[in-house]
Amino acid sequence: MSETRYPPMIIMGVQGSGKSTIGKALAERLNIDFIDGDDLHPKANKDKMAGGSPLTDEDRVPWLKTIGQTIADGRVDGRITIVACSALKRWYRELLRASDQDLVFVHLRGERDLVAERLAHRDHEYMPTTLLESQLETLEPLAEWERGIVISIEQRPEAIVDEVTRILTGRAAGRAVEPRPGATVTGAIDTQPS
């Protein structure tokens, strides 16, 4: 049985920030579903990125709607879902939030050099490292009113998962949990006990 006291989440950030790694580990820790948003891209999007071209907003809209619908369908079936998705622009996040108002964004934030170093040691199916610059230029950080957690990727993945879990578990129990150094909470991310 899937845990239902936590909100659905988008693990966001630029390529190489660890979205899939953190998303999988967090989903396992919280006993909820994980989906890699990359798997929901249509073939045309994957082919375009593999060719070194960044996606346009028009390319992204159907993909974002698919992610939102996947989260909403999970809720109907009594499941909570975490999706790894760059969600770089605020209006992308608003489009995703339209599918579920409880949606929380976990922004994995890192400096360009750290992310570039990670990308140098990774081989992705269709995302060349040359797209990092366009993603950094596109990224709009979470606004104060957006429901989310911003956390530094300068720490081990286990520490990131521990901190996000600590914040969410405390909020689910009705406690105002203050984030530790390297993390910031934006908006109201209170969760409901099951």
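Report follows, based on the coordinates. (Residues numbered from 1 in each chain as written. Predicted model: local features only at pLDDT ≥ 70, side-chain atom pairs only at ≥ 80, totals over all residues. Heavy atoms only, no water.)

### Concerning the overall build of the protein
Our working rule: Only DSSP runs of H or I covering at least 4 residues are called helices, and only runs of E covering at least 2 are called strands; the numbering of each starts at the N terminus. In this scheme, a residue with accessible area under 20% of its type's maximum is buried, one over 50% is exposed, and one in between is partly exposed, where area comes from a 1.4 Å probe on protein chains only. In what follows, a contact means two residues having at least one pair of non-hydrogen atoms within 4.5 Å. Accessibility throughout is a Shrake-Rupley quantity obtained with a 1.4 Å probe, and a residue counts as covered only by protein chains that appear here.
When you go through the protein residue by residue, the secondary structure sums to seven helices and six strands. Mapped in sequence order, the helices and strands of the protein form the string β-α-β-α-α-β-α-β-α-α-β-α-β. Out of the 194 residues in the protein, the part that is buried amounts to 46%. Excluding contacts between residues fewer than 6 apart, the proportion of contacts in the protein whose partners are at least 24 apart in sequence is 75%. Accessible area for the protein stands at about 9,300 Å²; split by element, carbon and sulfur atoms hold 49% of it.

### Here's the deal with the sheet that holds strand S3 (residues 81-84)
Each strand in a sheet pairs with its neighbour through backbone hydrogen bonds, running either in the same direction (parallel) or in the opposite one (antiparallel). As a reminder of what qualifies: Strand pairing requires that DSSP identify at least two bridges connecting the strands. Comment: axis = line fitted to C-alpha atoms, over the contacting stretch for helices; angle = value between 0 and 180 degrees taken between N-to-C directions.
Read across the sheet, six strands follow the order S2-S3-S1-S4-S5-S6 without closing on themselves; strand pairing throughout is mixed. Because the sheet does not close on itself, it has two edges, and the strands there are strand S2 (33-36) and strand S6 (183-186). Put simply, the sheet's adjacent strands are angled 15 degrees from each other on average, direction ignored. In the sheet, S2 pairs with S3 via four bridges, with the strands oriented parallel. Across the sheet, Asp36 pairs through a bridge with Ala84, a residue of S3. Packed on one face of the sheet, helix H7 (residues 157-172) meets strand S1 (9-12), strand S4 (104-109), strand S5 (148-152) and S6 and runs near 155 degrees to S5.

### A closer look at helix H2 (residues 43-50)
Our working definition: Read the arc as the range of directions from the helix axis to the C-beta atoms.
Those residues of H2 not exposed but buried are Asn45, Lys46 and Met49. Relative to the axis of H2, the buried residues are bounded by an arc of 100 degrees and lie together on one face. Residues of H2 that are exposed and angled more than 90 degrees away from the buried face: Lys43 and Ala44. Gly52, located one to two residues past H2, shows a positive phi value of around 90 degrees.

### Focus: helix H1 (residues 19-30)
Here is the rule we go by: Each helix should span, by expectation, one fewer than its residue count multiplied by 1.5 Å.
Spanning 12 residues, H1 covers 16 Å between terminal C-alpha atoms, matching the ideal 16 Å at 1.5 Å per step. Listed as buried for H1 are Lys19, Ile22, Gly23, Leu26, Ala27 and Leu30. The buried residues of H1 occupy an angular sector of 125 degrees when projected down its axis, which confines them to one face. H1 presents Lys24 and Glu28 as exposed residues on the side facing more than 90 degrees away from its buried surface. The inward-facing, buried residues of H1 contact S1, S2, S3, S4 and H7. Of the residues trailing H1, Asn31 is marked for its positive phi of about 60 degrees.

### Considering the nonpolar core
Formally: Throughout this description, the term nonpolar core refers to a set of buried Ala, Val, Leu, Ile, Met, Phe, Trp, Tyr and Cys residues connected via side-chain atoms within 4.5 Å.
Membership of the largest hydrophobic core comes to 29 residues, with the highest contact counts inside it found for Met9, Leu26, Leu108, Val164 and Leu168. For this core, the elements supplying multiple residues, two or more each, are S1, H1, S4, S5 and H7. Broken down by element, this core gets its largest block of residues, six residues, from H7. Ignoring anything within four residues of it in the chain, the contact list for Met9 reads Leu26, Leu30, Ile32, Thr81, Ile82, Val83, Leu103, Val104, Val106 and Leu168. Core analysis: the next-biggest nonpolar cluster, separate from the first, contains 15 residues, Met12, Leu96, Phe105 and Val150 among them.

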